[in-house]
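# Survey of secondary and tertiary structure
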Amino acid sequence: MTKLLSSSPEPSTASHKAFDDTIGAPLWLLAELTYRCPLQCPYCSNPLDFASQQKELSTDEWRDVLHQARAMGAVQMGFSGGEPLVRDDLEELVAEARELGFYTNLITSGLGLDEARILALRDAGLDHIQISLQAADEEMAAALAGSKKAHAKKLAMARAVKAAGYPMVLNVVLHRHNIDQIDKVIALCVELGADAVELANCQLYGWAHLNRAGLLPSRSQLDAAEATTQRWRQQLAAEGKDMRLLFVVPDYYAERPKACMGGWGAIFMTVTPDGTVLPCHSARELPMTFPTVREQPLNSIWYESFSFNRFRGDEWMPSPCRECDERHKDFGGCRCQAYLLTGDETATDPVCDLSPQHGLIEAARAEAAADNRSVAELTPRNKRESQVFCRE
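Throughout, residues of each chain are indexed from 1 in the direction in which the sequence is written. Only residues with pLDDT of at least 70 are given local features in this predicted model, and only at 80 or more are side-chain atom pairs given and counted; all residues enter the totals for whole chains, interfaces and linings. The basis for the side-chain values is all heavy atoms of the structure; hydrogens and waters are excluded.

Right, let's talk about the overall build of the protein chain for a bit. A run of H or I in DSSP counts as a helix once it spans at least four residues, and a run of E counts as a strand once it spans at least two, with each numbered from the N terminus. The number of helices and strands found in the protein chain is 15 helices and nine strands. Atoms counted for the radius of gyration: C-alpha only. Globule rule: 2.2 Å times the number of residues to the power 0.38. Computed over C-alpha atoms, the radius of gyration of the protein chain comes to 21 Å, within 12% of the 21 Å expected from 2.2 N^0.38 for 392 residues, which places it in the range of a compact globule. Seen along its three principal axes, the alpha-carbon backbone of the protein chain occupies a region of about 55 × 50 × 45 Å. Between buried and exposed lies partly exposed: a residue is buried under 20% and exposed over 50% of the maximum accessible area for its type, with that area taken using a 1.4 Å probe on protein chains only. Across the 392 residues that make up the protein chain, the buried fraction comes to 54%. Relative to all contacts within the protein chain whose residues are 6 or more apart in sequence, the contacts with residues 24 or more apart total 76%. As used throughout, the charge tally considers Lys and Arg to be positive and Asp and Glu to be negative, leaving His and the chain termini uncounted. The atoms used to mark charge sites are NZ of Lys, CZ of Arg, CG of Asp and CD of Glu. The averaged location of the 54 negative side-chain charges in the protein chain is 3 Å from the averaged location of its 40 positive side-chain charges. Residue contacts are counted whenever heavy atoms from the two residues lie within 4.5 Å of one another.

Take a look at the structure:
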C-alpha cells in the first residue's frame, strides 16, 4: 500500500497549539473523492476553482486515509464529490471502509448508477445511499442540472435503490426557483416511497455564494414552504406513513448562527480529492493554508495543526461572542460564512442579530429581492467557468 505520511510537521506559528487531550476524536469523515461531476448545478458547494485540483488521491492513498481515520476513532463516513460514482474504485473503497467498521453513506446525483452497480455497492457493504433531486418536474430539473436526462435517471435510480433494500433518503436543495414547487416535490417523494427527505434550503457557499442574489428565496416563499411541509407532516402522520421530512431554514433568515459542523475541528473532517484536510467542506473558502495527507498524518493534522486549532475554544472570539452565554452552543457561528460576508474570518457570523454587521444579511436579502435572473442566467458550475476562477 502506498504510504502518504511524512514526518515533517506543519510550520509552527505563534498561535499554534500543542497536543491537547481535551480535543475529541473526529467521528465523521467526508471523503470527497473527486470534483468531477456531469451536472452543472449553480448552487454546488464545491470551490469555484475546482478545475485547478487535478491530482486526485489514488486508490491506495484513499485506503490509507480510511485506515488512519478509523484508527483515530471515526465511525461514520460519507463518499461524496463532485460525483463519487465517476471513480471506478468506489466499490473497492466501500469494501475497505466496511472491513474497517465504518458506517458508510454514498451521497450522489444518481448519474453513473445502475441496477448492477447498486448491487455491487451493496455486496461491498455500503450502508446507505442518498440521492439528490433538483425539482419536481423535468423542465426545471434540466435547467438547474444542465442535463435533460438527469431527472428521469434520478427517479429510476431512486426506485432501484429502494428495490435493492436500501432506505431511500432523498435530498432536495431548495432556492428561489424551485421552492414554490415544494408541494409537488414532497408528493413525488411520497410516490417514490422515500423513507426520509431533506428539504435543505440552499446554504450559500461556493457556487451558491457566487449566485447568491439569484438563489435566495423571499421570506414569503420560505414561510409558505414551511407551512406546506408541516401540512404534509400532519397528513402523513394521519395516514400512518413514516416518511420523515426535515426542513432546513437558510442561514440568512435565522436570528442566531448554527453550530457549524458541531464546532470547528470538533467531530467532523473532510478530505478533498487532492488530499487537503478541512474542518468542514467549505473551509477552502478561507484565506488559510490547510495541510494535506500527502504531507502529514491525519492524527497530526487533527490534533496539532494550526489550521485545526485556529478556531477551537473561545479565545479567538471577538465581542459580542466572547461575552455571549451562547458561545459554547453556536461557537460564534460559521467561519466560512463570516469571511464571505465580511472579509474577516474571525468576525461574529453576521447571521446573528447581535452581530454589529448583521446589516449585511439584511442587505443580501434586499439585493436578492431586486434580482430577477432566470435559472438560465445563473452561473453554472462547470469546468470552463471554474477555469476563469483558477486564473484570478
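Attention now goes to the packing of aromatic side chains. Pairing of aromatic side chains here covers Phe, Tyr and the six-membered ring of Trp, requires ring centres within 6.5 Å, and sorts the geometry by plane angle: under 30 degrees stacked, over 60 edge-to-face, intermediate tilted. With the rule as written, the count across this model stands at eight aromatic pairs. A centroid spacing of 6.5 Å and a plane angle of 40° characterise the contact between Trp-264 and Phe-290, whose relative ring orientation is tilted. Taken together, the residues span a long stretch of sequence, with Trp-264 in the loop between β7 (244-248) and β8 (268-271) and Phe-290 in the loop between β9 (277-278) and α10 (298-304) at a distance of 26 residues. In this pair, the class of Trp-264 matches that of Phe-290, namely buried. Consider the rings of Phe-311 and Trp-316, whose centres lie 5.0 Å apart with planes at 80°: the pair is edge-to-face. Take Phe-311: its relative accessible area is 4%, and that puts it in the buried class. One aromatic cluster in this structure is built from Tyr-35, Phe-50, Trp-207 and Phe-389. Lying across the ring of Phe-102, Arg-70 places its NZ or CZ 5.9 Å from the centre. In this arrangement the basic side chain of Arg-335 is found over the ring face of Phe-311, its NZ or CZ atom lying 5.8 Å from the centre. Distance and angle both matter: a charge sits over a ring if NZ of Lys or CZ of Arg is within 6 Å of the ring centre and within 35 degrees of the ring normal.

All of the buried residues along helix α14 (residues 359-369) are Ile-361, Ala-364 and Ala-368. Taken around the axis of α14, the buried residues stretch over an arc of 55°, which confines them to a single face. Buried residues along α14 sit in contact with α8 (212-215) and α13 (335-342). Think of it as the arc spanned by the lines of direction from the helix axis to the C-beta atoms.

Moving on, we get to the nonpolar core. Each nonpolar core is a collection of buried residues, namely Ala, Val, Leu, Ile, Met, Phe, Trp, Tyr and Cys, held together in the definition by side-chain atoms within 4.5 Å. Of all hydrophobic cores here, the largest spans 91 residues; its most connected members are Phe-79, Leu-121, Leu-170, Leu-199, Met-269 and Leu-298. Excluding its chain neighbours within four sequence positions, the residues that come into contact with Leu-199 are Val-172, Leu-174, Ile-182, Val-185, Ile-186, Thr-229, Leu-245, Leu-246, Phe-247 and Val-248. Counting residues in hydrophobic clusters, the runner-up holds 15 residues, among them Tyr-205, Leu-278, Phe-290 and Met-317.

Comment: axis = line fitted to C-alpha atoms, over the contacting stretch for helices; angle = value between 0 and 180 degrees taken between N-to-C directions. Contact geometry of helix α6 (residues 182-192) with helix α9 (residues 219-238) gives a least axis separation of 9 Å together with a crossing angle of 30°. Between α6 and α9, the interaxial angle falls into the category roughly parallel. Note that α6 runs across α9; the crossing there is right-handed. Where α6 abuts α9, its residues Ile-182, Asp-183, Ile-186, Ala-187 and Val-190 lie against Ala-225, Thr-228, Thr-229, Arg-231, Trp-232 and Leu-236. Side-chain classes are defined by residue name, with Ala, Val, Leu, Ile, Met, Phe, Trp, Tyr, Cys and Pro counting as nonpolar, Asp, Glu, Lys and Arg as charged, and the others, Gly among them, as polar. Partitioned by chemical class, the residues of the contact of α6 with α9 number seven nonpolar, two polar and two charged. Should an angle fall under 35 degrees it is called roughly parallel, over 145 degrees roughly antiparallel, and 65 to 115 degrees roughly perpendicular, with every other angle called oblique. We call a crossing left-handed when the near helix sits turned anticlockwise from the far one by less than a right angle, and right-handed when that turn is clockwise.

A few words now on the sheet that holds strand β5 (residues 168-174). Read across the sheet, nine strands follow the order β7-β6-β5-β4-β3-β2-β1-β8-β9 without closing on themselves; strand pairing throughout is mixed. Every interior strand has two partners, whereas the edge strands, β7 and β9, have only one. Criterion used throughout: strands pair if DSSP finds at least two bridges between them. The pairing of strand β3 (residues 103-108) with strand β4 (residues 128-133) spans four bridges and is parallel. Counted as the bridge partner of Leu-106 is Ile-129 from β4. Packed onto the sheet, helix α1 (residues 59-72) meets β1 (28-32), β2 (76-80) and β8 and runs at close to 170° relative to β1.

Here we come to the side chain of Arg-117. With respect to the helices and strands, the residue Arg-117 is situated in helix α3 (residues 115-124). For Arg-117, a relative accessible area of 15% gives the class buried. We define a polar contact as two N or O atoms separated by no more than 3.5 Å, with the added condition that, inside protein, one atom must be a possible hydrogen donor and the other a possible acceptor, whereas residues neighbouring each other in sequence contribute only through side-chain atom pairs. Here the side chain of Arg-117 touches Arg-87 through a polar contact of 2.9 Å, landing on its backbone oxygen. For Arg-117, the side chain forms a polar contact with the side chain of Glu-91, separated by 2.6 Å. Non-local contacts of Arg-117, meaning those with residues more than four positions away in its chain, are made with Leu-85, Arg-87, Asp-88, Leu-90, Glu-91 and Gly-112.

In this model, Gly-81 is joined to Gly-82 through a cis peptide bond whose omega is 20°. Structurally, Gly-82 is set in the loop between β2 and α2 (90-100). In this model, Ser-319 is joined to Pro-320 through a cis peptide bond whose omega is 5°. Among the secondary structure elements, Pro-320 is positioned in the loop between α11 (306-309) and α12 (327-330). Backbone geometry places Met-261, a non-glycine residue, at a positive phi of 55°. With a phi angle near 55°, Phe-331 is a residue other than glycine that sits in the positive phi range. For Phe-331, the position within the fold is in the loop between α12 and α13. Residue classification places Phe-331 among the partly exposed residues on the basis of a relative accessible area of 28%.

Now for the pattern of salt bridges. A side-chain nitrogen of Lys or Arg and a carboxyl oxygen of Asp or Glu constitute a salt bridge if their distance falls within 4 Å. If you walk through the whole model with that rule in mind, you get 21 salt bridges. Put simply, Arg-36 and Glu-56 hold a salt bridge, and the shortest N to O gap is 3.0 Å. Of this pair, Arg-36 sits in the loop between β1 and α1 while Glu-56 sits in the loop between β1 and α1, and the two are 20 residues apart along the sequence. The class for Glu-56 is partly exposed, based on a relative accessible area of 22%. The residue Asp-127 makes a salt bridge to Arg-98 at a minimum N-O spacing of 2.9 Å.

Just distances and angles here, no functional claims.
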